[in-house]
Amino acid sequence: MTQPPPTPHPGGFGPIETYWSDGTVTGWSEHCQWVLEQTLADEVAANIPVCDGTICRYPSGATMPDPAAKPKTPSPWVQGQLDWQECKEAGNTDEYCRLTLN
């Protein structure tokens, strides 16, 4: 009966036993630490968008509206609807709102 192949190492950046020439054993080598830090730095850099006041573009090509963009003003029709709703929610009659808003 043959033995199954060994289970591959799951990978990742978990501590591994590093044996040093002086006989000590540690969980990390400087190389492993550097790889971890570089990977984290690369991940941060990949997620920093460049924003132009309208759109933010990520290095991956993804875009999103710039959260620092100047707020848009509603069209006159939409503003009229908002004003009407505010007037009515204040407890005013239709006639009062018509007279004050027109």
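Below is a summary of the structure that appears in this document. (Residues numbered from 1 in each chain as written. Predicted model: local features only at pLDDT ≥ 70, side-chain atom pairs only at ≥ 80, totals over all residues. Heavy atoms only, no water.)

A short note on the overall build of the chain
Our working rule: Strands here are runs of E lasting at least two residues and helices are runs of H or I lasting at least four, both read from the DSSP assignment and numbered beginning at the N terminus. Exposure categories follow from relative accessible area, calculated using a 1.4 Å probe and restricted to protein chains: below 20% of the type maximum is buried, above 50% is exposed, and the middle band is partly exposed. Computed with a 1.4 Å probe, the accessible areas rest on the Shrake-Rupley method; for each residue, only the protein chains presented here act as cover.
Counting its regular elements, the chain contains three helices and five strands. Within the chain, the proportion of its 102 residues that are buried is 8%. For the chain, the exposed area adds up to about 8900 Å²; of that, 60% sits on carbon and sulfur atoms.

Remarks on the pattern of salt bridges
To keep things clear, this is the line we draw: Any Lys or Arg side-chain nitrogen located within 4 Å of an Asp or Glu carboxyl oxygen qualifies as a salt bridge.
Summed over all chains, the structure comprises two salt bridges. Note that Arg57 is salt-bridged to Asp52, the shortest N-O span being 3.6 Å. Classification of Arg57 by relative accessible area gives partly exposed; the value is 45%. The exposure class assigned to Asp52 is exposed, which follows from its relative accessible area of 51%. Between Lys88 and Asp94 there is a salt bridge, and its shortest N-O distance comes to 2.5 Å. Overall, Lys88 belongs to the partly exposed group, its relative accessible area being 32%.

Overview of the state of the cysteines
Rules: Disulfides are defined as pairs of cysteine sulfur atoms found within 2.5 Å of each other.
Counted by the stated rule, this structure contains two disulfides. Between the sulfur atoms of Cys51 and its disulfide partner Cys56 the distance amounts to 2.0 Å. On the S-S bond that ties Cys51 to Cys56, the torsion sits near 110°, and the link is right-handed. Look at Cys51 and you get partly exposed, because its relative accessible area is 38%. The disulfide partner of Cys87 is Cys97, and the gap between their sulfur atoms is 2.0 Å. Note on the Cys87 and Cys97 pair: the S-S dihedral is about -100°, so by sign convention the disulfide is left-handed. Placement of Cys87 in helix H2 (residues 76-89) and of Cys97 in helix H3 (residues 94-101) is noted, with a sequence separation of 10 residues between them. There is no split in this pair, since Cys87 and Cys97 are both buried.

Digging into the sheet that holds strand E4 (residues 55-57)
Filter applied, for reference: By this definition, two strands are paired if DSSP reports at least two bridges between them.
The strand order across the open sheet formed by three strands is E3-E4-E5, and the pairing between neighbours is antiparallel. Single-partner strands in this sheet number two, and they are strand E3 (50-51) and strand E5 (63-65). Pairing of E4 with E5 involves three bridges; the strand directions are antiparallel. In the strand pairing of E5, Cys56 is matched with Met64.

Examining H2
Selection criterion: One fewer than the residue count of a helix, multiplied by 1.5 Å, yields its expected span.
For H2, with 14 residues, the first-to-last C-alpha span of 20 Å sits near the 20 Å given by 1.5 Å per residue. Of the residues one or two after H2, Gly91 is the one with positive phi, at around 90°.

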